[in-house]
Amino acid sequence: MLQSSTAFQFATLSAYDANPQGAVVLWRLKRHGSLSPAQLGWFYLSLCLACVGIAAFLWSPNASVVMTFALLVVGAVFVVYSRHAGDAEKIVLQGGQLVIELETAGRTQRAAFNREWVRVEPKDGDGSLIEVSGQGRSVRVGRHMRPELRPLLAREIRFALRTC
């Protein structure tokens, strides 16, 4: 059972008794979008119907060509938006491993680090992405957070690596 802990602002913590390896700390950072892909599809359908209605009202050869082009362009923009609507970052600290999964446009990248050898640091002090590195690999996280909150997330991950 996952629950929020007062020690963590961005993570959820599982109970020790439910997991024999100790606590599981989970950070789930999602893209903030106002529309889900399904809502976007319904909006696009309503936009198509409105454009067809306008084209039928105007009923000139040029109106139907312009409306068709507009619908294709808007449709392409919506497809790109909906591909990235589900983007997320998942960071899991369990036992001796820190596992990071990055999902971008439907593709998932996974990196696992030994908790004793991992380094967590903001790339720069200016609110840039957090770089998690160890064993010759590095992953940048924090894309879906406000830049001023990234140092707090880095501090929280370091705290969890030391104490959990």
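What counts, and at which threshold
- Residues numbered from 1 in each chain as written.
- Predicted model: local features only at pLDDT ≥ 70, side-chain atom pairs only at ≥ 80, totals over all residues.
- Heavy atoms only, no water.
- Helix = DSSP H or I, 4+ residues; strand = E, 2+ residues; numbered from the N terminus.
- Buried < 20%, exposed > 50% of the residue type's maximum accessible area, 1.4 Å probe, protein only.
- Contact = heavy atoms within 4.5 Å.
- Areas by Shrake-Rupley, 256 points an atom, 1.4 Å probe, with all protein chains shown as cover.
- Pairing = 2+ DSSP bridges.
- Axes fitted to C-alpha atoms, helices over the stretch in contact; angles between N-to-C directions.
- Expected span 1.5 Å × (residues − 1).
- Arc of directions from axis to C-beta.

Trainee: Quick question: what am I supposed to make of the overall build of the protein chain here?
Mentor: Each helix and strand counted, the protein chain has three helices and nine strands in total. The order of α-helices and β-strands along the protein chain, N terminus first, is β-β-β-α-α-β-β-β-β-β-β-α. Expressed as a percentage of the 164 residues in the protein chain, the buried residues total 35%. Sequence-distant contacts in the protein chain: of pairs separated by 6 or more residues, those separated by 24 or more amount to 47%. Counting only carbon and sulfur atoms, one obtains 60% of the accessible surface of the protein chain, whose full area is about 10400 Å².

Trainee: How should I be thinking about the pairing of strand 4 (residues 88–94) in this particular structure?
Mentor: Remember that side chains alternate between the two faces of the sheet whenever the strand is regular. For strand 4, the buried fraction is high: five of the seven residues fall into the buried class. In terms of strand pairing, strand 3 (residues 24–30) meets strand 4 through seven bridges, oriented antiparallel. Each residue of the ladder has a partner; that of valine 25, found in strand 4, is leucine 93. Looking at chain direction, strand 4 and strand 5 (residues 97–104) are connected through seven bridges and run antiparallel. From the neighbouring strand, isoleucine 91 faces strand 5, where its bridge partner is isoleucine 100. From the end of strand 4 to the start of strand 5, which pair antiparallel, there are two residues, and glycine 95 there has a positive phi angle of about 60°.

Trainee: Just checking my understanding: could you explain the pairing of strand 6 (residues 107–114) for this structure?
Mentor: The pairing of strand 5 with strand 6 spans eight bridges and is classified as antiparallel. Across the sheet, valine 99 pairs through a bridge with alanine 112, a residue of strand 6. Connecting strand 5 to the next strand, strand 6, in antiparallel fashion are two residues, including alanine 105 with a positive phi near 55°.

Trainee: What should I look at first to understand the environment of valine 74 in this one?
Mentor: Tracing the backbone through its elements, the reader meets valine 74 in helix 2 (residues 61–84). Placed 26 residues apart in sequence, valine 74 and cysteine 48 show a C-alpha to C-alpha distance of 9.7 Å. The contact partners of valine 74, leaving out residues within four places of it in the chain, are Tyr44 and Leu47.

Trainee: Help me out: how do you make sense of the sheet that holds strand 7 (residues 119–122) in this one?
Mentor: Sheets are built from strands that pair by backbone hydrogen bonding, the pairs being arranged parallel or antiparallel. The three strands lie next to each other as 7-8-9, forming an open sheet whose pairing is antiparallel. The open sheet has two free edges, formed respectively by strand 7 and strand 9 (137–141), since each of these has just one partner strand. Strand after strand, the sheet turns through a mean of 20° between neighbouring axes, direction not considered. Examined bridge by bridge, strand 8 (residues 130–134) and strand 9 share five bridges and lie antiparallel to one another. Residue pairing for strand 9: glycine 134 is matched across the bridge by arginine 137. The strands that helix 3 (residues 150–163) touches are strand 7 and strand 8; relative to strand 7, the one it contacts most, it runs at about 165°.

Trainee: I'm lost on helix 3 in this one. Help?
Mentor: For the α-helix, the turn length of 3.6 residues means that residues three or four positions removed from each other point alike. Helix length check: helix 3, at 14 residues, gives a terminal C-alpha distance of 20 Å against a target of 20 Å (1.5 Å per residue), a fit within 8%. Listed in full, the buried residues belonging to helix 3 are Arg150, Leu153, Ala154, Glu156, Ile157, Ala160 and Leu161. On an axial view of helix 3, the arc spanned by its buried residues comes to 160°, and they lie on one face. Tucked into the core, helix 3 has its buried residues touching strand 2 (11–14), strand 3, strand 4, strand 5, strand 7 and strand 8.

Trainee: Which parts of the structure should I look at to understand the side chain of serine 133?
Mentor: Following the sequence through the fold, serine 133 ends up in strand 8. Once residues lying within four places of it in the same chain are set aside, the contact partners of serine 133 are Phe113, Trp117, Val118, Arg119 and Ser138.

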